[in-house]
Amino acid sequence: TILPGLLVLQILKLSRIGPVERFILSIGVSISFLMFFGLLYNNLSLGFGYKSPLSTIPLLLMFNVIMIVFILVSYFVNKDSSFSMPIFISTSEKAFLILPILFPALSIFGTYYMNITDNNTILVLLLVMISVYVAFICFHNSEFPKRLYPVIILLIGISLTQMLALRSNHIIGADRHSEYYLFQTTLNNLYWSNFEHSTLDTCLSISLLPTIYQSFLNVSPELLFKTLIPLLFSISPLAIYILSKKYVDELYAFLASFLFMSQLMFVSSPGGRTN
């Protein structure tokens, strides 16, 4: 999810950009790499007569080989540069994360509790806590560390997207059942093709991408399909923050990303189309 894109950025000598920009670009490039390299490998394998290119062993072998190539190229391109891991969060700043670090846990536990009891008290409490914490940031913006804005945005984004993704023990949503069927078809056949000859078939993010993750992780396919896309989508508010920061103050950029996360389309993204 991160390493392929990070290596591509190193090869392109884009490592001097900010850590948040690097994080977003690494994930975006990595997801694109997984889909397009996976598609290329899938089609080449089928062309040479190999009928299960998306099985674990050959897929793992091919990705390991390409990662080694990326690492070697990155080393020779950046031979004279040094790498350091900066301390992003200081000890004094960690106090501001005591409450938001609980948001994802409350989202997961609250959704599980609602599934078995039909009681949404914990989730309502979570939404109130998020709103109160954002108000706290606004009223104390002069003392609040601006470096923590991306962390807060990411924690809130994960919490909101997982509320609907984990709402049921099974797939929910208008189009998700058709999409899950295409994912299952690709997973069962261990190769990607235009099985149904529909527009959804051409959407690699609902068939090829989760199949690659499933081959690596070997978890419940239904759980993977419910949580993967929402987790990846929870990164999008960071892009809103980065873009907004170019035109307005960091606090207003933070509020712009929060406004984006407050929209129904963002909260209901796990139940809608993923393409």
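Before any of the text, the structure's been laid out above.
Residues numbered from 1 in each chain as written. Predicted model: local features only at pLDDT ≥ 70, side-chain atom pairs only at ≥ 80, totals over all residues. Heavy atoms only, no water.

1. Notes on the packing of aromatic side chains
The geometry of two aromatic rings is summed up by the distance between their centres and the angle between their planes. Counted by the stated rule, this structure contains 20 aromatic pairs. Here Phe-33 and Phe-70 contribute two aromatic rings whose centre-to-centre distance is 5.5 Å and whose plane-to-plane angle is 50 degrees, an arrangement assigned as tilted. One end of the pair, Phe-33, is in helix H2 (residues 19–47); the other, Phe-70, is in helix H3 (residues 56–77), and 37 residues separate them in sequence. Residue Phe-33 is classed as buried on the basis of its relative accessible area, which comes to 13%. With a centroid separation of 5.9 Å and an interplanar angle of 55 degrees, the aromatic rings of Tyr-180 and Phe-183 are classed as tilted. One end of the pair is Tyr-180 and the other is Phe-183, both in helix H7 (residues 176–189) and 3 residues apart, which spans about a single turn. Neither residue differs from the other here; Tyr-180 and Phe-183 are each classed as buried. Three or more aromatic residues joined by ring pairs make a cluster, and in this case those are Phe-96, Phe-103, Tyr-133, Phe-136, Phe-144, Tyr-149, Tyr-241 and Phe-254. (Phe/Tyr/Trp six-rings, centres within 6.5 Å; stacked < 30°, edge-to-face > 60°. Helix = DSSP H or I, 4+ residues; strand = E, 2+ residues; numbered from the N terminus. Buried < 20%, exposed > 50% of the residue type's maximum accessible area, 1.4 Å probe, protein only.)

2. As for a nonpolar patch on the surface
A cluster of nonpolar side chains, namely Leu-61, Val-65, Val-69, Val-73 and Val-77, defines an oily patch on the protein surface of about 360 Å² accessible area. Following the sequence through the fold, Leu-61 ends up in helix H3. (Patch = residues over 30% accessible without salt bridge, like charges linked within 9 Å, V, L, I, M, F, W, Y side chains within 5 Å. Areas by Shrake-Rupley, 256 points an atom, 1.4 Å probe, with all protein chains shown as cover. Salt bridge = Lys/Arg side-chain N within 4 Å of Asp/Glu carboxyl O.)

3. Describing the packing of helix H6 (residues 149–165) against helix H10 (residues 236–245)
For the pair H6 and H10, the least separation of the axes is 8 Å and the interaxial angle reads 150 degrees. When the interaxial angle is binned, H6 and H10 end up roughly antiparallel. The two elements H6 and H10 meet at a crossing, and its hand is right-handed. Contacts from Tyr-149, Pro-150, Ile-153 and Leu-154 of H6 reach H10 at Pro-237, Leu-238 and Tyr-241. (Axes fitted to C-alpha atoms, helices over the stretch in contact; angles between N-to-C directions. Parallel < 35°, antiparallel > 145°, perpendicular 65-115°, else oblique. Left-handed = near helix turned anticlockwise from the far one by under 90°. Contact = heavy atoms within 4.5 Å.)

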